[in-house]
Structure formats: structure tokens, C-alpha cells
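Coordinates in review
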Amino acid sequence: MEDIEFFDICEKEQTAASPFLEEEKEDDDNVTDRFWNVANQSKGHKLGEKSVEEKIRSKDASEGVGEDSDSSGEIQEHYMNNGNNNNNKTMKYADRVRILNLRRNLNQLDNIAKEKDLTIQKAREELSACQLRIEMLTKERECTETEIEEEKETGNIAAVFRLQAMHRRLCAELGNEKDLESKIALMLKENVYKMWQIEIEQGKSGNLREQLEQNEEELETKCKERAEQRIQKEKTAARMAERKQQAGKKKEMEAQKEYEKGHQKVVEDVHRNHEKAVQFLKKSMLRIRQKEAKEELRTQEHMEKRIQAVLSLKNNITSNRENLRTLQVRDKARVLEAKKQEMKMREVILAERGDVTKEIFLHKRHMELERQKQEFTEQQKSQKIEIVARILQEEAYVKKQKKHQAQTEALRSRSKLQDSLRWRIKTWQYIENACEDPAAAVLQKSWRTPSACSSIDDKSSSVVDSSEKISQDTIHENDEEDDEEASETLAEPEFTGLWTQESNLYKVPKDETDPKPLGASKMERKIFTENLEKLRSRIIHKQVVSGHEFKGCPFYSKPSLVHFKDFDVGKTYKKKIILINASYSVNFCKLVGVSEHLKDFINIHFDPPGQMSAGMSCEMVVTFKPMINEVLEGKVIFLAQNGSFSIPLKCTTKRCVLALDKELIDFGTHVVGETISRTIILTNRGALGTRFKLQTSAGDNGTRTTTKSSLERMVSPALNGITSEEKASSSPVESSMYENKEQVSPVHTEEVIQHVGLRESQKTEISLGSSHIEQFSQDASITEADLEAENAESTPELMPEEEPVEITLGKVTEGEIGPFSSIKLQIIFTPSVPGDVRAEFEITFDNPNCKPLHFCVIGVSVDVPVWVPNPNIDLKICMYERLYQDCIIIQSRAKAALRLKFEVCKELSNHMELLPKTGYIQAQSSFSVQLKFLPRHSLPEDAGRYFDKETRVLEVPMTITVADKTKPIEFTVHAIVTTSDLEISPAEVNFGYCTICEAVQTTITLTNKSILPQEFGFVGLPEFVEVQPSDGFGTLLPQESLNLDVIFKANKAKEYSFELTCKSEINRQFKLSCKAVGVHPPLELSHSLVQFAATALNDVSTATLYVINSHVSLNRFTHAVPRIGKGEIAPVGPTSFEFLVPEDSPVTIMPSVGTVLPGKKCLIQVSFRPVLSEQLIREEAVQMLCRADAQRMMLKKIHESEMQRRRDETMTGKKDGRKPSYATFRQPSRVRSSKYATASSGFEPPKPEEIKTNSEEYIAAQYSLIRNFTGKFERYIIPCFVASGDIDEKRGSENLNYSPYNTLYLELHCPAVAPSVVVTSDNGKNIINFGEVAVGHRIIKRITIQNISQEQLALGFSILNPNGPFLLVSPVGNLDPGENQFLFISFCPNESKLFFETLDIRSIKATLTLSIIGHGLAPSIACSVEGEVLNMGYVIAKEKVTSTFKIQNTSTLPLRYSIKLESLSQTRDKERQRLPFFITSPPGKTDFVGSQNYSGLSVFSVFPVEGVTEPGKSQEFTVTFSPDHESLYYSDCLKVVLFGKEIAQVIWLKGAARNHMMFVEGGDPLDVPVESLAITSPLSEEAAKGELEEPAKSILLNLEYIQAEISGTPAMRELKIGAIRTVQFASKKNVEFSLDSLPLLQQKGFTIEPVKGTVDRGQIKCISVSWMPPADFDPDHPLTVAAVLTLKGDIKESYKVLFTARVVST
């Protein structure tokens, strides 16, 4: 065992090392390293295998050592044999493996030797210790014996007994120690023996160790060599890496130097660019400052607009008060009228005993439908009008387009003169004049280069006559009309594209592309035109790629416009243009030329690139050398493969483009004595400079000041931003509009006028709407009039030189402005007199083409240095008894501190307060005042005229008084004050009687009387009250009413009276008082609410609940007892219930009536089965019949109209002699068909009651309704009446005592949905009827199901009875929306009975249930063949004989039969390869299939082979027997198979064939019924003619006489002799037979009758043989007698008949 474990360890180590060895085989360099790793692991094994060695100690290791020695010996021999051969060779992989394994084995052997040595040492130590203990025990025993002797002598009996016990113990220990010594000695001996064996093995492996050490030394030296080689390689690699690193460092140094050089260059460039950018930066900073100034101006304007918006809002509130009152009164009147009508309707419906809710709902729905119809009619009318307008517009557009085309063609035919010649002549004239005449400079100013825009004017002025002028005017008119139509056209694209922007650039007019020879005749022109068209047809053709024709410009230019800006005459300019092929495929580009009037100035250098692929580009250089200082426009024309295109070209001269950064300078409001300056920037964006001059406008004599009284500004501070600033903002616009009237376009003028008018209307609205401002202005009107009069008196006295000038100009008022530069102009405002100041300035230029620029300066000067930035403090909407605060900021312009006093009007002193009352504002700083507003309920009475009670708007004037100043500062505080009340309606709620099993709900209305939204919540609710929705919490919008449901659920039987508290967000409380009576009924329901799942049509959902009677005691102190409020307690006993289910509801409750004993409960099952009502299905069936009849009549009439139309066509075609077009008869046929469609047919639909439920119409309508079913939700509340007592079937429930307050209610939620899966086959029937099917026969039916839902369904199927006849053959997994799938269900009954099962097709939404019905019947037949054997008898070979039999169908279903012969079965050939049955089978068993024909044809044939027999009918079968040679063993097995499976009847067919007409039948068989494979040759004809005698055949007759006590009956046997009926052998009509040896037979006791005779054809005669044993018969010796039977027919035959007889006992 020790060695077995050792070798197992070795094998495991070897297995673990196998991956290492495989890798070692692949890479020899790693072998040594891994070998040393494994060697180290083996050293580790020495320490880790101690546990294994400890197990080895306790086992017998002798066998293991032996095996180890054998294995090590084998290894040594193998190694020694191979060692010599490997000395001088390189060590191979297998040798290394062997060394490794050998080293492991040797190490393991050494370990075992060490362990054995250690074990021997321990055993020796234990043996010496044991011997030492034996010596000590021996000495103690001797001492004890001596002590016993001594004590005996002294007579100390107790000590003697004690010492004897000690002596016995020592003897026992001594014996144990001796046994242990013997065992240790034996173990030591065995270990020593094993140690000797191990030493022997070590001695044997000594040579092996030496060889192994040599090999290991070799391996170590090789490893060292390889390690040195690796170190050398690593050193070389390190040197290479150092070289690479040094090279990389050199490259980095070079790159660093290059980078520094580049960086230095970049720094220099940056310095240069910085110097350049500083100049542009200054300009940019100027622009930024200008932007900031504009932004400040915009913010000021925005603040003004906001102030105007606030004022307009107030005006709108004031103006809309009356409208709001009117609307409210009208709405209230309408609501009252509607309520009156509704009450009247309710009274009428109640008088008629109708459903009030339903009738009112229907009436509202009818009114809504009428309104929708009216809206739809109006919408249709408007759409019709719009369509007619569009049609008329399109017709007008088409007419104008046709007219324009006609006029254009006429114009082209007239004006195709010599345009190019005219341009060229004019250009050359100019050049000649410029070269010869010194006054060419004057001509350059007056003459204009012809362009696309001015060509028509030149023509009309110089060349064209008056008729051409008229045509040009017509063109202008038509162009205008076309522009208008283009703007109004209806055919607009869905979105704009490149074609809308650039398509006009590439249009080539026909006039320019059709150059004609000058001075040619009409014939020459015609020939030239034809040649040009031929040339174009060869060059230009359409480009079609992948079925898409390219349309558009074939080449794109970059840039799209060749523009030479700001050119100088005499200089040369060049521009490079890139042309890109934008077509679908290869194209070419050819330069045609430039516009005629540009040929003298433009030169184009273009090398044709040849064919260019799509996306490729080529270059072109355009050179422009101007000779005149005029603007030139034209185009460069090219020709491509699919058409011509052009690039627009434009040349513009230098010009001045001057502009101001602003047209209005607003200094704002400043205190008198300050000096403020603003700048305005004049910019020249053109390339031509000019001189400018800044001065006041011609109509403005210096600076104009408008002085306004301080009182007026004090009275109307709110209108400062509207009057003065509005005027200031609108005045420059108006002035610029009037002064620059020639510059402004008409459209722009209209916009400006509209804007100004809008401003004026806003002013008037503001002035009219501000009632409080009007009051102040009226109060101050007298003072204004006085001041104006004083001003008027003082005005004549002032001299012009004494008028103060407040707005002055800076130092720069004139100078030169260069190209692309700007100049700052300074404006200084020094206010000296309070009031508005306005001045207008004009900038004129020396360049006559530059028009003057105007701008306006305004400012306001005030003498009060303190003001309120926001004069209107809006506190928005405030509630009573709530504190609101705001901070008011006051600004000071003064240069010293001022004392301020804040005052509130007396009327609002109790509601509003300003803190502090007095304060000091520091110089040029701000001061904040705290405004506190606490509106009380007495505010409407206290405020007086400051408060509007209808709109609840509060406007309070506030005053700030500045010390030493007479003018106070006023501002206004606005607020809208509203209430915080919430109204609950009704104020008291009575829930009535409520059982503890249900909840009673009532609706209350909570109304917010405030114009602010308020949060509310019902707090501190009792546990039996619930408020919904949102648990009684929510937010009410202004003036909103919200319906809340208060749900009361009594927890015990008592009278309830409580209050509900509703709190608002400001902690106001509103109470609602409630009353109720709690009822504890005698019975209770386990569930009062049943929520059915969404149930498909014809599906069933079921729920269960219990009716519980928990009333078992009348003790009301221990538990709650049934009672009504505080009334009497219900009696203990049986309690009855009855559920009252509504009629025609899809809900069924079982049982609906019952009695529950005390402490018991009754199970109730509630079923929900949604179905379509029969009346609805019948009505749908009638509608479907009507639709089908209408469609049929429509098709019929359309067919008739089509036939009539064809007849009319034929008649008209014959008359006119031509075939009419389709357009001539299309419209009449439509008219006739529409007339026929409207005609009513004579079809009378049946009444819905006449539709039968099993008719096809009913099924189709049901299927249609199911498919179109949209779903329905119904809610039923089923009352359950409770009465004390037991229901007696005889008495009924008349005597039961019940109270209506004890009624329980069961609420049912019944959602019905459309089925997701329906059956589409068999008219949608869910019943699958297989009918009658034979037992064992299988029928498969296909059912089509369809998914009529909008999502994919995963189908599941219920499990059919695994032992039943039904089987789902092909289940469906998934069903897509609208998909049809087939289900195949088979029915195979196994017994005769009626079968029924259901198959559930489950999906996520619903379940479809299929009912499967089938009737199994056992097929039964009756056969006319008796005994199951049909004997065909004897027949002459090669002749036929037929026989018939009948099979009758005695079952009630048709039987499909088939006839099968055993000889024709497929397994027949295999069976014939086996041993014959007479060898393998027991005696008495025969084979059904006997001899067969040599020809291969079947001996027996049957007709018919297959067919169907109806119930009660019979089928006759004909069997034909046709042998081809003589044999007595023809046989076959005929099987009647029903339905291809069941064998219903088996018939054995037998027959015999003879070559002659006679035969003998009977006797015991002497041969086997299998023919020999050898075929005997038949007799020759001569032998047949001469009556030759055949050799005798043997017949055995065995007779057994039964011996009995009484005289026994003789033994009887028969022989049959027959003659075959045949047409052959006509000479012989009968057969003669005779039997000889009759005396001998009689002597032996045989009696034979007859002995001789004749047999006619077709007849059989029997020879009777009987035997009685003679007196001398010996029973032990059976009797045998032979006789010869001779037959004479066509030939003579002899049979040797052997008669054997014996006696047998019973």
C-alpha cells in the first residue's frame, strides 16, 4: 500500500508536470529553467509529504517496497541500456523527462529510507523503555512478595490482603509489558527487514545515482552556458537600447533647437501682429463702447415700455369693469335659465316616471352634437370658400402666365436686332473719343456703361422706336404682375432649398445663347439655326444615372459671384475661380465667353480640363482692366455636356458709405448746474474719403429749450416717461422721416407711419385711461395757465443773445474722414433752467453723392435733487389681515445731505405705514424706506375714494417732503385687496343609516372666494371619515369651486354627530357638521367589492366570497352585537339572505338564497360572463343584410350603366364613323352611377325577431360585432337582503322579519374587452364537433385562429386529458397582430362512447375556450364465410376458378376497408429466408401461405381491393384461384382491414391443383406442405395420350379403436375420391376407382364400403373405412395392412393405401 501511494503521487506529479514538459518540447531554451523549478518543487515535497509518510508508517509496506524495487530496477535497466548511447549526443526531450522521473523516484526512495530509519530508532527506544519497565516491575513484584511473607509472619491480615492486591496488579502489568515487548520486537524485526530491502534497492541504484548526477551536472553546465548566452544577448540589447536612446536624445535636441527657432520667429510675428492688432483693438473697443451705450439706451426704453405696460394694464382694468359686470350678469342669467329648464325637464321626466339622469345626459349630449354639427357646417363652408378662392386664383395665374409668354415671344421676335453690334459700336466710339478728344473725362461722368439693369433704358432712349417703348412698358407691367403672382402663388415648396436661391444665377436667356450671323438673309438664318440645333443635339444631351436625370447647374463656382470691389481705372485685377463638377457622372466644361459689354474689360484664362469626374474641380483666372469709372455687371458663360451655365460678374467703383452709430442722444434727467458730455461716432465704411461739417439743422436756430413748470412736473410724475421721453423717442424718427423723405422706400415709410401712429394711439389710451392723473392735471390747470401767461409776458422782454444755450458741440465740428475710418463727435449738455431740452444737428459732406445725416439730442433738467426711481409701488394682490412689506429706494443728486419726511394719507394711516418717519439722505447716494401694509376688514370704509369696491383695487398716494424745498416728491402704492374666505356647501351633512360593512359617500362643494389660489386641507379627521381626492388636501384656484367626496364608514352601531375642520394655508378654520346612524347587520360579507379582471367576450371570470354569521351571543359587553343604532339587538339563530341580481345582467351568483347558522359561513361564487345580447346581434344581422343588398344593387346598376354606356358608344361610333374618346363618356357614367346609387331597391329587410340563432346571418353578425367590439365597463351593485330566521320551502319568506337598514351591498366592477384571439374558421364557431369516428381511427381538424389585437401575443394552451382521445397536434407559440395561424386537433377514440373536453387558449389579455365534441363508435361487420376458411377446391393446373363472399357493415358509420393478402405483404421475403415452419414450429401449426405460382403471379386475387361500405350495406368480394402447376398446398391469408389499421376479418384461402381430372383426399400427411425447389418435367404428349400408369403414391390411414368396458364402437375413417369439372379431357366423362386386397383387409377386421365405383365430373364420393380389432389381435403390436387403390380417368393412377390400427384405452 505504501508503494501504491508512492507511485500514485509520482503519477500525479508527472501529470501536473505534463503541461510543462509539452512546453519544454516546443521550446528547448526554457527546459532547464523549468527543470530547476520542478527540482525545487520536489524539494518542497520532502517537507509536504510527511503526512503521507505518517500514513505509511501504520501500514504494511513490504509489498510496496518490492514493487518499488521492481519499478526502479526496470528504470535502471532502461536507463543503463540507453545511457551509453546518449553519452556523446545531445540530451533529448525524452531523456530529460526520464532524468526528472528518475530523480523523483530516487528522492522518494531516500525519503522512505529515512522514514524507516526513524521508525526503527523509535521502535528500539520503545523496546528499551519496555524492557526497563519490565525490570522495574519484576523488582517491585519481588519486594511485594517479601513484604507479604513478612506480614504473614506478623499476622497483619489487612496488610496481607493489600499487598496481595498489589502483587496481582504488578503481575498483570508485567504480563502486559511482556506482550508489548514481544509486539515491539516483532515490529522492529519487520522494519529492519524492510530497511534491508530498501538498502538493497539503494545499492542497486548506486550506479544509476552516479549516472544521474553526471547527467544533472551536464544539465547544470548547459544551463549556465545558456544563462551566459542570455546575459550576453541582454547586454547587447541594452547597448542597442542605449544607442537608440542617445540617438533619440540627439533628435530631441535638434527638434528643441528647431522649436526654439520657430518659437522665436513666432514671437517676432506675434509682436508684429500685436502692433497691428492694437490699432484694430482700439477700433473694436470703440465699437464695444458704442454697443454698451446702445444697450443702456435699450434698457431705458425697456423700462419705459414696462411702465407703459403697467399703466395700460390699469387702463384696461378700468375699461373692462363694465364689460365684466355685463358678462357676469349675462352668465348668471344663462345659468339660471339653464337651471330652470333643467328643473322643468326633471319634473316632466319624473311625471313620466323616466330616468332623470339618463334623459338629462342624453339631452346634453344632443345639444353638444348639434353644436358640433353647426361648427362642422361652418367649417365646411369656410373651406369651400377657401378652395373656390384658390381655384380662381390659380386660373387667374395661369391666364396671366399664358399672356406673359405670348407677349415675351412677340417682344423677342421684334427686338432681335443687333444688340451685340449696338453694344460693340457704342464701346468703340467711347474708346476712340477717349483716345482722340481731350474732353473724354467729361464723357466718363455722363456716359454710363450698359448693364443688365440699364440696358432697357438705353434702348428706349437711343435706338428703340415708340413701338418698342410700348413693348418695354408692357414688359415692365408684366414683370410686376409676375412678381405679385409669385408672391401669391399657391404652389409653394414644402421647404426652401438651393434651387430657390441660386437657380436664377444659371438661367441662360435664349437671346444670349442664340447668336445669329449679322446681315444674313432669312434662308441663311434658318440654315444657321438648323446647323446650330444639330450641333447642340450632338454636344448637349441629358445626363441620366441609375434612372435619375440630373437637373440644375452642372458646375458650381467658388466663389459664386466674381466681384471686383473698389477698382481704380488703369490698374489690373485678377481673381482665381474654381469650378466643381456637381453632376452625377463625368462631364466637361467649355468656355463660351463673357457678356458683350464686358469683352473690352474682362479677359479670361481657362484651359479646358477635358472630362471631369463628379466632384472634381478646375481653375479659371479672370483678369479685369478697367478703362471707365462705372459699375459693370455681366456674366461668364460656359457650356457643359448637359447644358450651358453662367457665373455672374460684377465690378464696383469706390464710394463713400457714411453712417452714424445713433440718431438720438438722450442725456436723461440731470440737476441744474451739472455738465454732461456724450459722443456720437461718424463711420465711413467705403473706400473713398470726404470732408464733413457738423452744424445745427436749417430749421433749428441753435439750441432749443422747452421750459416746463415745476408744478406740472410735480403733479404728473408718473407721466414723465410717457410725455417727455416718448416725445423725445418719437421726434427723431419723425424728423428723419420728413427730412429724408427721398431716401426712404415706400414700404419703409408705411412701416414708420404705422409705428408712429401706434405710439400716438398708445399715448391717447394712456391719457384717457388714467383717471387719477386727469384729476391731478385738472387741479393744477389754473397754475399752469398762470405760468404760461407769465412766460408769454416775459418772452418778448428777453433778447435773443440772452437765451441760455444748454446743448453745445465739442471741439471737432468739421474735418476730413478717410476711407474705412471713424471720427468721434462730442455733444455737451449744461442744464441751466428746469425743463425739457431738444436740439437737432446735421452733418453735411463735400461729396455730392453723400446725403446729409441728421441726429437729435434731448435732455431734461430738474431743480429737485431727490427722486424715486420706481414711482409706482405695486404690492400686487393682498389678503385681509395679512402683513405685506416692501422696500422703497430714494436717490439723491444733491452734493449735500438732505432731510426727508415720509407721509401717508390720513385715510390709510391704520392700514399702511412708512418707516422711518424721518431720515437723512447723504450726498449722491440712496436711502431705503420700509413700507408695511396690513389691510383690515374696515379698509373699504376707511380708504374712501382710494379704494374701488367693485374691482378691489387700492391706489394710495404717498408724499416725501424735502427740507427747504417747496415741491414734494410723490409716488403711488397700488394693491388689489381680496378676501381669504372658503365656503363649504352644504353647511350640514346627514349620512343617514350606514352599516359597518359599507361606506356612505356624499359630495360637498368647497369654493374659494379669493382671487388668489389657496391651499386647503381637512385636518383632525375621525378614523371613520375620509375626504377624497388627495385625502382632503389641495389647492383652489381663484373663484374656483371643487367637489369633494366625504366618505363615512361606521365602525360600530350608534348615532354619530361630529364636525369636520378645513384649514387654509393662513390657518383659518371652516367647520362642516355631520350626522349619521351606524347599523350592525346580523350577517356580513367577506368582500363587499369584487373587481373582475378585464374579461373578453364569451370568457368567464369567477370570484368567491363568504356570507358570515358571527352573531352567537346577546351579550353586548363582550363583543359588538347586531343592532340598528341603539335599537333592539337582533336574535341569535339562523339568518337568511337573498341576493337580488338584475335581469339580463352578465353576473351570476350561486347560491343566491340561503341560510347561515350562528358561527358558520356560506360560500358564494360570483361569475362574470360578458356576452353580446341577442337583440343587438339580430339588429346587426339586419343591417348587414341591408348593406349587402345595397352593395349588390349598386354593383348591378353599375354593370347595367356600363353596358348602356358601351351600347351608346357603339351607336355614336357607328354614326360618327370614329371611336369616342374616354373623356366623352367618363363624366356621364359617373352621374348615372351616382343616380343609381341613390335609388332605393325593393329589398325588404327581415325583422330582427325573424333572425334565428343558428342561421348564418346570426353567426356572421355575431362574428362582426366581436371583431369590432371596443370594450365596455359596467358597475353593478347587488343588494343582499338579510332576515332573521330559516327559509322554509313550504312557507316561503313571507313570515321572515327583516329591516331595509340591514341590507348588505355587493359592488361588482365588470370590465369587458374584445377578445384578442378569435376563431375565423367555420363562421367563428367555438365548438369543434368531430361527429362519429370509428374506435382506433384518427381524424384531424384544422381550426384557424386570428389575433385581432394591436400587439403580439404569446399563447398558452390548457392541458387536454392525456388519456383521452383528443390531442393538440400543433400548438402556436406567438401570434402577431392580424396574423392567422392553424391549430390541428386530432380525435382518436379508444372506446365506443361520447367524448367532450374544453381547450383554453390563454393570452395575457383573455382566454378563448374551445369546446371539443366527438363520438367514438366500434366498427362491426358480418362475413358470409363460415369457419374463417374459404376452400376453393381442386382445379386443373393453369385453369381458374372463382368464389364470392359478402361483408356487411353492421355499424352506423361508413367503413373504409382494404383487402390484403399475406403473400403480398412487405415482410414476406424476410420470412421466406427463415427455416420452414415445420422445423421450427410445434406440431399442428401450419403456415397460412402455401405454394405459389412459378410465374410469380399471385395464386389468389380478390376484387375489389378497397372501398367504403355505407351503414347497413353489404359488399360482395370475388376470389379467383389460378394455379400454374400441380400442388396440393396452395393457401393464402386474406385480411379485411378497416381504416388502414384494424383487422376486422381473417379468411384462410385454400386450394389444390392437379394435372389430371381425378384426385384422392383424406388420410394422414406423409410429407411436408412445402414444395421442393426442383421442378419435375411434365409428361410428354405421347405418354399422356397412351394411358401410361404413373408410379404408385402412398396414403396412410391411421385408425384408433377406443377400448371400453362395454362394447366399443369401431374406428372410422374416410377417403374422398373426386373428379374435377373441366373443359379438358372431353373423352373422359367420369372417373373409375377400385380397391384390391379386400379379403385380407376383412380378415384383419377392416370394413370398406364401397370397394369400387364411378365419380362424375364435379362430384366427390367417400370410401368409408371402419375397423374392429379381431379376437387374435395383440394390443402391444399395432396392425398394418397395405392395399392398392386404382383410379382411371384421363390416365390411370395407383395409390398404395396403408391401413394402421391400434387399440387405445380411455
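What you see is a predicted model; the values in this text were computed from it and never measured.

Conventions adopted
Residues numbered from 1 in each chain as written. Predicted model: local features only at pLDDT ≥ 70, side-chain atom pairs only at ≥ 80, totals over all residues. Heavy atoms only, no water. Axes fitted to C-alpha atoms, helices over the stretch in contact; angles between N-to-C directions. Helix = DSSP H or I, 4+ residues; strand = E, 2+ residues; numbered from the N terminus. Parallel < 35°, antiparallel > 145°, perpendicular 65-115°, else oblique. Left-handed = near helix turned anticlockwise from the far one by under 90°. Nonpolar A, V, L, I, M, F, W, Y, C, P; charged D, E, K, R; others polar. Patch = residues over 30% accessible without salt bridge, like charges linked within 9 Å, V, L, I, M, F, W, Y side chains within 5 Å. Areas by Shrake-Rupley, 256 points an atom, 1.4 Å probe, with all protein chains shown as cover. Salt bridge = Lys/Arg side-chain N within 4 Å of Asp/Glu carboxyl O. Pairing = 2+ DSSP bridges. pLDDT = per-residue confidence, 0-100. Contact = heavy atoms within 4.5 Å. Buried < 20%, exposed > 50% of the residue type's maximum accessible area, 1.4 Å probe, protein only. Lys, Arg positive; Asp, Glu negative; His and termini not counted. Charge placed at Lys NZ, Arg CZ, Asp CG, Glu CD. Core = buried A, V, L, I, M, F, W, Y, C linked by side-chain atoms within 4.5 Å.

Bringing the packing of helix α5 (residues 93–154) against helix α6 (residues 157–204) into the picture now. A pair of packed helices can be characterised by two numbers: the angle between their axes and the separation between those axes. Viewed as axis vectors pointing N to C, α5 and α6 meet at an angle of 160 degrees, and their least axial separation amounts to 7 Å. With respect to α6, the axis of α5 lies roughly antiparallel. The two elements α5 and α6 cross, and the hand of that crossing is left-handed. In the contact of α5 with α6, the residues fall into 25 nonpolar, eight polar and 18 charged.

Together, L281, M285 and I288 make up an exposed nonpolar region whose accessible area comes to about 250 Å². Here L281 shows up in helix α7 (residues 206–319).

The subject of this paragraph is the sheet that holds strand β23 (residues 884–892). An order of β21-β23-β27-β25 is seen for the four strands of this open sheet, with the pairing classed as antiparallel. The sheet is open, and its two borders are formed by β21 (866–867) and β25 (912–915), each paired with just one other strand.

Quick look at the confidence of the model for the chain now. Looking at the chain, the pLDDT average stands at 77 and 76% of residues meet or exceed 70. Every residue in residues 1219–1240 scores below 50 in pLDDT, and together they form 15 contacts with partners more than four places removed in sequence or on other chains. Here residues 1577–1588 is modelled with pLDDT under 50, and outside its nearest four sequence neighbours on either side it reaches eight contacts, counting other chains as well.

This part covers the environment of T1654. Tracing the chain through its elements places T1654 in strand β76 (residues 1652–1656). In this structure the C-alpha to C-alpha distance between T1654 and G1689, which are 35 residues apart in sequence, comes to 9.9 Å. Apart from residues lying up to four places away in sequence, T1654 is in contact with N1630, V1631, E1632, F1633 and K1661.

Turning our attention to the pairing of strand β30 (residues 969–978). Here β30 lies mainly inside the structure; eight of its ten residues are buried. Alignment of strand β22 (residues 872–879) against β30, held across six bridges, turns out to be parallel. Considered in β30, the bridge of I873 is made with V973. Relative to β30, strand β29 (residues 953–962) is paired through eight bridges, and the arrangement is antiparallel. Considered in β30, the bridge of T959 is made with E970. The antiparallel hairpin formed by β29 and β30 contains six residues in its connecting segment, where D964 sits at a positive phi of about 70 degrees.

Negative charge collects at one region of the surface, where E142, E145, E147, E149, E150 and E153 lie side by side. Summarising the element assignment, E142 is placed in helix α5. Given the relative accessible area of 46%, E142 is considered partly exposed.

Our focus in this paragraph is a positive patch on the surface. A surface patch of positive charge is lined by K283, R287, K291, K294 and R685. Tracing the chain through its elements places K283 in helix α7.

With 38 residues, the main nonpolar core has F1137, F1139, I1164, V1166, L1306 and L1308 as its most contacted residues. Elements supplying a minimum of two residues to this core: β43 (1101–1108), β45 (1135–1139), β46 (1147–1150), β48 (1161–1168), α23 (1174–1216), α25 (1256–1267), β49 (1272–1284) and β51 (1304–1313). Element by element, the count of residues in this core is highest for β51, at five residues. Apart from the residues lying within four places of it in its own chain, the contact partners of L1306 are L1085, H1087, S1088, L1089, V1090, L1105, F1139, I1149, V1166, Y1276, I1277 and I1278. Counting residues in hydrophobic clusters, the runner-up holds 36 residues, among them L875, I921, F927 and I969.

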